[in-house]
Amino acid sequence: MISAHQMTNPAQNLAEVNEKIALAAERSARTPGDVVLVAISKVHGEERIRPVIEAGHRVFGENRVQEAQQKWPGLKAEHPDLKLHLVGPLQTNKAKEAVELFDVIETVDREKLARKLAQEMAAQERHPKLFIQINTGEEAQKAGVLPREADDFIALCRGDLGLEIEGLMCIPPVEEEVSLHFMLLAAIAKRNGLTKLSMGMSGDYEAAIEFGATHVRVGTAIFGERPAKE
Ligand SMILES: *Cc1c(COP(=O)(O)O)cnc(C)c1O
């Protein structure tokens, strides 16, 4: 079955999302160019990704290393200016592949992973930009550093591990008022001198921009509904 959403054209959806980003940026007296749209293409195949690339979009995100390895090396070879973000949890045993393929890793969330990334980046002489994921809702099932541990973890990454940290990322709990989570993430970033905030998805990216998002991760609003998991 094809849903109504899947029949819509991803390139046209992209244009609408870009328009809404521009309006949200304007409402909060920010420049639209300050907000990076990360098009989350997980689950979708090349036939839905290509129209978005052809429309000129260059920043994409995936949540699984293995899936990304199957989809992106060819597309990146064709378009060297493509930037790929990892937005899903990263196992240390996939750190090598993640450093090889991704330009931004948004999900640094524990010391063991941070150490492994530091080693891999040195070994490969490749330096993806790093975001630290904060579990703003303190949810047991969700990855991310707890808010009260964030300052120490950021200091460890920057100090002992010598990692350059670009910003913070969060995925708010589904049933909660997202603005509190966006404000919390912004506050942690500010007191640590970090300027990049990856927050906001299809349902709340405009709100996220008003709370200072510099990166919004939008999947469904561009590519349509994802098929339900197996
Ligand atoms: C899937 C995913 C998104 C995109 O979600 P949509 O609601 O489809 O826009 C954003 N961030 C992360 C971490 C994701 O896994």
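Refer to the structure printed above.
Here's the deal with the overall build of the chain
Turning to step 1, where the next piece is worked out: Of the regular secondary structure elements, the chain holds 10 helices and eight strands.
Turning to step 2, where the next piece is worked out: Against the 2.2 N^0.38 benchmark of 17 Å for 230 residues, the chain shows a C-alpha radius of gyration of 17 Å, consistent with a compact globule.
Turning to step 3, where the next piece is worked out: Dimensions of the chain along its principal axes, counting C-alpha atoms only, are 50 × 40 × 35 Å.
Turning to step 4, where the next piece is worked out: Expressed as a percentage of the 230 residues in the chain, the buried residues total 49%.
Turning to step 5, where the next piece is worked out: Considering only intrachain contacts with a sequence separation of at least 6, the fraction spanning at least 24 residues in the chain is 59%.
Turning to step 6, where the next piece is worked out: With the model as given, the accessible surface of the chain reaches about 11,300 Å², and the carbon-plus-sulfur share is 50%.
Turning to step 7, where the next piece is worked out: Side chains of the chain carry 28 positive and 35 negative charges; the gap between the two charge centres is 3 Å.

Some points on the site of the ligand
Turning to step 1, where the next piece is worked out: In the region of the ligand, the neighbouring residues are Ile 40, Lys 42, Val 87, Met 169, Ile 171, Met 201, Ser 202, Arg 217, Val 218, Gly 219, Thr 220 and Arg 226.
Turning to step 2, where the next piece is worked out: Residue Arg 226 places a side-chain N or O atom 2.8 Å away from an oxygen atom belonging to the ligand.
Turning to step 3, where the next piece is worked out: Against a free-state accessible area of 380 Å², the protein chains account for coverage of 89% of the ligand.
Turning to step 4, where the next piece is worked out: Classifying every residue of the shell around the ligand gives six nonpolar, three polar and three charged.

Considerations on the packing of aromatic side chains
Turning to step 1, where the next piece is worked out: Within the structure shown, the criterion is met by two aromatic pairs.
Turning to step 2, where the next piece is worked out: Measuring from centroid to centroid gives 4.9 Å for Phe 60 and Trp 72, while their planes differ by 40 degrees, and the two rings are tilted. A residue pair is termed long-range when its members are at least 10 positions apart, and Phe 60 in strand E2 (residues 59-62) and Trp 72 in helix H4 (residues 65-78) qualify at 12 residues. For the pair formed by Phe 60 and Trp 72, the shared burial category is buried.

A few points about the nonpolar core
One broad trend across soluble globular proteins is that nonpolar side chains are buried collectively.
Turning to step 1, where the next piece is worked out: Of all hydrophobic cores here, the largest spans 62 residues; its most connected members are Phe 60, Trp 72, Ile 105, Leu 117, Ile 132 and Leu 168.
Turning to step 2, where the next piece is worked out: Dropping the residues within four chain positions of it, Ile 132 is found in contact with Glu 106, Val 108, Val 145, Phe 153, Ile 154, Cys 157, Ile 165, Gly 167, Leu 168 and Met 169.

Here is what the cut-offs are and how they apply
Residues numbered from 1 in each chain as written. Predicted model: local features only at pLDDT ≥ 70, side-chain atom pairs only at ≥ 80, totals over all residues. Heavy atoms only, no water. Helix = DSSP H or I, 4+ residues; strand = E, 2+ residues; numbered from the N terminus. Rg over C-alpha atoms; globule rule 2.2 N^0.38 Å. Buried < 20%, exposed > 50% of the residue type's maximum accessible area, 1.4 Å probe, protein only. Contact = heavy atoms within 4.5 Å. Areas by Shrake-Rupley, 256 points an atom, 1.4 Å probe, with all protein chains shown as cover. Lys, Arg positive; Asp, Glu negative; His and termini not counted. Charge placed at Lys NZ, Arg CZ, Asp CG, Glu CD. Near = heavy atom within 4 Å. Polar contact = N/O pair within 3.5 Å; in protein donor to acceptor, adjacent residues only side chain to side chain. Nonpolar A, V, L, I, M, F, W, Y, C, P; charged D, E, K, R; others polar. Phe/Tyr/Trp six-rings, centres within 6.5 Å; stacked < 30°, edge-to-face > 60°. Core = buried A, V, L, I, M, F, W, Y, C linked by side-chain atoms within 4.5 Å.

Structural measurements only, silent on function.
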